[in-house]
Number of protein chains: 2
Amino acid sequence: MARKKEQEFVQHITPRSEDFSQWYTDVILQSGLVDYAPVRGCMVMKPYGYAIWERIQQEMDARFKATGHENVYMPMLIPESLLLKEAEHVEGFAPEVAWVTQGGMETLQERLAVRPTSETIFCTMYAKWVQSWRDLPMKYNQWCSVMRWEKSTRPFLRTSEFLWQEGHTIHATPEEAQKETLDMLEVYREVAETVLALPVYVGQKSDREKFAGARATYSMEAMMQDGKALQAGTTHNFGTNFAEAFGIQYLSREGKLEYVHETSWGVSTRLIGAIIMTHGDERGLRLPPNLAPIQAVVLPIAAHKEGVTEGAARVAEALKAAGVRVKLDERDTVSAGWKFNEWELKGVPLRVEVGPRDLEAGQVTVARRDTFEKIALPLDGLAQSVPALLAQIQQTMFDQARAFRDAHTRVVHTYEELAEAVQDGFALGMWCGDEACEEKIKAELNATSRNMPFDQTPCGDTCAICGKKAGRLMYFAKAY
Amino acid sequence: MARKKEQEFVQHITPRSEDFSQWYTDVILQSGLVDYAPVRGCMVMKPYGYAIWERIQQEMDARFKATGHENVYMPMLIPESLLLKEAEHVEGFAPEVAWVTQGGMETLQERLAVRPTSETIFCTMYAKWVQSWRDLPMKYNQWCSVMRWEKSTRPFLRTSEFLWQEGHTIHATPEEAQKETLDMLEVYREVAETVLALPVYVGQKSDREKFAGARATYSMEAMMQDGKALQAGTTHNFGTNFAEAFGIQYLSREGKLEYVHETSWGVSTRLIGAIIMTHGDERGLRLPPNLAPIQAVVLPIAAHKEGVTEGAARVAEALKAAGVRVKLDERDTVSAGWKFNEWELKGVPLRVEVGPRDLEAGQVTVARRDTFEKIALPLDGLAQSVPALLAQIQQTMFDQARAFRDAHTRVVHTYEELAEAVQDGFALGMWCGDEACEEKIKAELNATSRNMPFDQTPCGDTCAICGKKAGRLMYFAKAY
């Protein structure tokens with residue numbers, strides 16, 4: 001029975017070195033994050049995958065609220081006429097819109113887009129809501145799904161439908177809008193680095209790579225284990241672009257009608273793809289403890305022996321009381337070895353074994369998912385020792401990822417150096433600012449400009465691509 | 001400027017007694033819960049409205065997880081062929097489906113429904129995931145938006161798009177499925193009564209009123225202040241109906257292929273409509289403390305006087321530390337009277353005034369939104385006295401609503417009594433079980449059967465509608 005096989009252990013995971021792409025697919029399916037849906041290009045997020053998304057939401061949402069943002073919900077259908085209002089925006093999104101043309105038994109007079117993003121609808125409402133400088137800023141966010149009719153799709157990385165948050169804010173001055181754009185980039189970076197253990201390069205995108213309708217786009221770029229870049233979050237400063245198209249004006253303190261300055265910013269379920277491809281290994285997922293829905297799994301060993309079941313339950317209770325997200329795996333339908341494999345595959349940071357000999361010795365045996373190290377910890381003090389160990393795992397995983405990234409980031413001065421660097425990592429080099437250079441490396445190397453770091457200390461004065469005079473420092477890479 | 005007017009205080013709220021429907025519209029717009037969207041039949045949930053939904057989500061989601069359910073996410077688009085698999089289901093939903101027919105530049109081969117509900121896609125995945133009795137039960141839930149192309153719409157009560165949760169579970173036995181169906185009804189009832197302060201009648205729907213494709217539907221029915229019923233949540237037992245249509249089978253312990261038994265259950269943003277129409281008054285919303293996003297608003301009075309600003313901040317801090325959801329309103333752009341009106345309109349359960357005389361007397365002055373009573377509370381002990389007062393408000397609001405409902409629920413024996421009772425409340429009477437009786441009261445009284453209480457102690461033995469022999473006790477009412 002072919003189906004049956006899906007649930008057997010140990011399943012074969014294709015080695016990363018052999019076929020990174022197949023390794024990724026094996027890991028996401030076998031660890032139970034997602035499944036393919038009976039709808040073109042869509043994915044089903046299974047409980048474990050969705051639990052990771054919920055953890056990302058909790059961490060992000062708390063920071064959005066702490067920085068004065070409020071959640072709202074806008075309709076998922078957007079009339080075509082609204083989408084057409086801002087020229088660059090519609091040009092960017094029109095090719096990938098899914099259109100509702102029938103409602104019940106009637107054919108609609110106007111097509112409705114399933115939102116690919118919600119700038120146009122936020123702008124419509126802002127135009128209605130804003131009167132005076134007293135109403136500003138308005139800082140709203142929504143958690144929702146969006147739809148982009150993609151030609152080729154991969155779970156988490158590029159799917160026709162995906163989950164995300166989109167922040168949309170309006171401000172009285174360009175300075176405030178710019179500050180918001182950079183503040184939210186910093187929120188993203190902080191969550192990426194401290195929660196997801198993803199080291200990221202933050203900076204400004206080129207005009208070619210910026211968001212359709214934005215005056216400036218900023219991104220955080222993470223490096224996957226195959227050396228490719230993954231854009232893990234973006235923030236946009238629209239200036240008055242949309243405000244002019246949608247007539248969003250306010251009466252200033254001085255009694256003048258002024259356009260608002262607008263931003264938007266988003267992260268999506270793509271982040272889960274980034275986590276897998278940054279931290280995963282031959283045995284499956286590795287989740288950083290600050291993110292993991294389950295930080296420690298407690299396993300009774302030889303559960304039939306006296307005191308083991310109770311001992312394991314006590315350990316789980318103590319860890320839970322200490323604030324650890326813990327799971328007690330008491331199943332008697334599978335072997336201990338099967339459980340070891342399963343929780344390794346699922347990337348739980350810490351396995352806590354409670355066996356008769358452990359209990360006799362007044363200890364538990366813990367195994368780190370990051371290093372496979374096994375350590376005996378005294379039963380007394382688990383409430384301190386386990387959280388400390390989790391913090392250590394978090395740091396180790398971040399350090400590993402950063403070391404990999406740094407080793408695969410090369411400063412380049414010539415086209416040859418750049419071409420070589422992007423084969424397995426990032427190139428950091430000077431760029432003249434000419435889009436023709438971006439098109440050249442896209443065509444010849446399948447690489448793109450990623451972003452310009454805020455620290456623009458030059459590494460030369462000529463463009464690594466065309467050799468002309470250059471004043472911009474830019475990261476280049478192949479990208480997802 | 002017409003727009004300007006929307007933000008002025010005190011705006012006129014139409015009296016409930018004069019025009020209940022207009023009162024509702026005035027309250028939801030003026031209190032900032034929602035706005036109309038530039039999309040037919042859709043609503044925009046503004047920050048305050050969405051914050052109420054987030055509170056409902058938190059309360060529900062914690063209970064779903066505590067009872068062993070896990071969250072997932074299924075695609076929002078459902079191929080027409082899947083929707084067609086269960087005959088009753090498609091018949092029920094087809095007239096109100098919004099169809100995607102174009103993706104990007106291409107016309108789709110098969111129409112895709114924007115999900116009106118997700119039974120068909122859950123069933124498709126369950127058929128793939130279930131192998132043996134060991135895999136059962138599967139108890140999944142998702143939070144999402146759904147689309148139903150409604151002809152006439154009202155915010156929260158009936159909109160083309162709305163937010164909800166839909167639980168979908170599969171079980172090995174009919175007993176387990178029935179237990180799940182009733183357990184989730186009990187979760188809904190408990191949240192409705194203890195958090196939302198909504199007294200509800202729970203019971204089973206008639207065949208005419210049950211969900212398309214269900215073998216049995218249960219509901220909780222709340223009574224609005226105009227005496228009409230609002231179906232506030234439903235749970236469905238599908239038996240093996242969908243399992244047979246979708247081929248969801250498992251290998252039993254005895255090695256036999258069996259169909260699974262399935263349930264689904266949902267509550268939506270409709271609950272917010274129920275809260276407004278149960279608790280609201282001439283001054284606007286009244287939110288029960290256990291639900292309210294802001295439980296207490298702290299207002300500095302005569303903030304220019306020495307110590308007031310600091311005193312108010314200290315009070316707010318103390319309440320926050322005591323676990324109260326508190327807001328400190330320090331705005332100096334509006335008067336105290338303006339603030340009183342605004343927070344009353346928004347239904348915040350408790351207003352805490354901190355003025356110079358209060359501080360001198362070592363107290364604060366609190367005003368209850370439910371009774372308008374003003375009470376002096378000593379500064380010492382606010383961490384106890386305020387939560388105690390909030391608990392009292394919660395109980396008072398529930399008692400008020402229940403007293404109203406009980407006074408408007410009448411036991412009826414004849415058609416005349418039933419016809420009179422449903423003019424301003426619920427009729428509880430015997431019913432023969434014949435759908436013709438339901439059609440008669442629908443046509444003549446615009447009333448429907450609501451549900452059959454679990455306590456079926458008869459109040460007679462003849463049908464209140466047709467006079468024939470009757471064995472069922474049923475609630476009847478006009479309904480939203």
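Residues numbered from 1 in each chain as written. Chains lettered and ligands numbered in written order. Predicted model: local features only at pLDDT ≥ 70, side-chain atom pairs only at ≥ 80, totals over all residues. Heavy atoms only, no water.

- If you check an unreviewed UniProt entry, chain A appears there as Proline--tRNA ligase from Candidatus Avichristensenella intestinipullorum.
- Per its UniProt entry, chain A bears the Subunit (unreviewed entry) comment "Homodimer."
- UniProt's Subcellular location (unreviewed entry) comment on chain A is quoted here verbatim: "Cytoplasm". (UniProt positions renumbered as here; feature names shortened; annotations may be inferred.)

Considerations on the overall build of chain A
Link 1 in the chain: The helix and strand inventory of chain A stands at 15 helices and 24 strands.
Link 2 in the chain: Taking 2.2 N^0.38 as the reference for a compact globule, 480 residues should give roughly 23 Å; the C-alpha atoms of chain A span a radius of gyration of 25 Å, in line with that estimate.
Link 3 in the chain: In terms of overall dimensions, chain A has a C-alpha envelope of 80 × 55 × 50 Å along the principal axes.
Link 4 in the chain: Relative to its 480 residues, chain A shows a buried fraction of 60%.
Link 5 in the chain: Relative to all contacts within chain A whose residues are 6 or more apart in sequence, the contacts with residues 24 or more apart total 68%.
Link 6 in the chain: Counting every atom, chain A has about 18,600 Å² of accessible surface; 50% of that belongs to carbon and sulfur.
Link 7 in the chain: Side-chain charges of chain A comprise 54 positive and 66 negative groups, with the mean position of each set lying 2 Å from the other. (Helix = DSSP H or I, 4+ residues; strand = E, 2+ residues; numbered from the N terminus. Rg over C-alpha atoms; globule rule 2.2 N^0.38 Å. Buried < 20%, exposed > 50% of the residue type's maximum accessible area, 1.4 Å probe, protein only. Contact = heavy atoms within 4.5 Å. Areas by Shrake-Rupley, 256 points an atom, 1.4 Å probe, with all protein chains shown as cover. Lys, Arg positive; Asp, Glu negative; His and termini not counted. Charge placed at Lys NZ, Arg CZ, Asp CG, Glu CD.)

Points about the UniProt feature "domain: Aminoacyl-transfer RNA synthetases class-II family profile" (unreviewed entry) in chain A
Link 1 in the chain: When the UniProt feature table is mapped onto this chain, "domain: Aminoacyl-transfer RNA synthetases class-II family profile" (unreviewed entry) is found at residues 40–288 of chain A.
Link 2 in the chain: With 32% helix and 33% strand, residues 40–288 of chain A has its two end C-alpha atoms placed 32 Å apart.

Some words on the packing of helix α2 (residues 20–30) of chain A against helix α9 (residues 270–279) of chain A
Residues and elements named next belong to chain A.
Link 1 in the chain: Taken N-terminus to C-terminus, the directions of α2 and α9 make an angle of 115°; their axes are 11 Å apart at the nearest point. The angle between α2 and α9 places the two elements in the roughly perpendicular class. Here α2 and α9 pass one another in a crossing that is right-handed. Facing α2, whose interface residues are Phe20, Trp23, Tyr24, Val27 and Ile28, α9 presents Gly273, Ile276 and Met277.
Link 2 in the chain: In the contact of α2 with α9, the residues fall into 7 nonpolar, 1 polar and no charged. (Axes fitted to C-alpha atoms, helices over the stretch in contact; angles between N-to-C directions. Parallel < 35°, antiparallel > 145°, perpendicular 65-115°, else oblique. Left-handed = near helix turned anticlockwise from the far one by under 90°. Nonpolar A, V, L, I, M, F, W, Y, C, P; charged D, E, K, R; others polar.)

Section: the relation of the copies chain B and chain A
Link 1 in the chain: Expressed as a screw operation, the relation of chain B to chain A combines 0.0 Å of axial shift with a rotation of 180°, fitting to an RMSD of 0.0 Å. Expressed as an axis order, the relation between the two copies is that of a two-fold axis. When each C-alpha of chain B is compared by its distance to the rotation axis, Val100(B) comes out closest, at 2.1 Å.
Link 2 in the chain: Both copies contact each other with a shared surface, as 98% of the interface residues of chain B are interface residues in chain A too. (Least-squares fit on C-alpha atoms with pLDDT ≥ 70 in both.)

Focus on the interface of chain B and chain A
Link 1 in the chain: With 65 residues of chain B at the contact, the number on the chain A side is 64 residues.
Link 2 in the chain: Summing the contributions of chain B and of chain A, the shared interface buries around 5,400 Å²; its carbon and sulfur component is 59%.
Link 3 in the chain: Per-residue buried area on chain B facing chain A is highest for Tyr73(B), Met76(B) and Gln131(B); these three make up 12% of the total on that side.
Link 4 in the chain: For the pair chain B and chain A, the number of links is 6 salt bridges.
Link 5 in the chain: Residues Glu54(B) and Lys65(A) are paired through a salt bridge, measuring 3.1 Å at the closest nitrogen-oxygen approach.
Link 6 in the chain: For the pair chain B and chain A, the interface holds 29 residue pairs in polar contact (both at pLDDT 80 or more). (Buried area = accessible area lost by both parts, 1.4 Å probe. Salt bridge = Lys/Arg side-chain N within 4 Å of Asp/Glu carboxyl O. Polar contact = N/O pair within 3.5 Å; in protein donor to acceptor, adjacent residues only side chain to side chain.)

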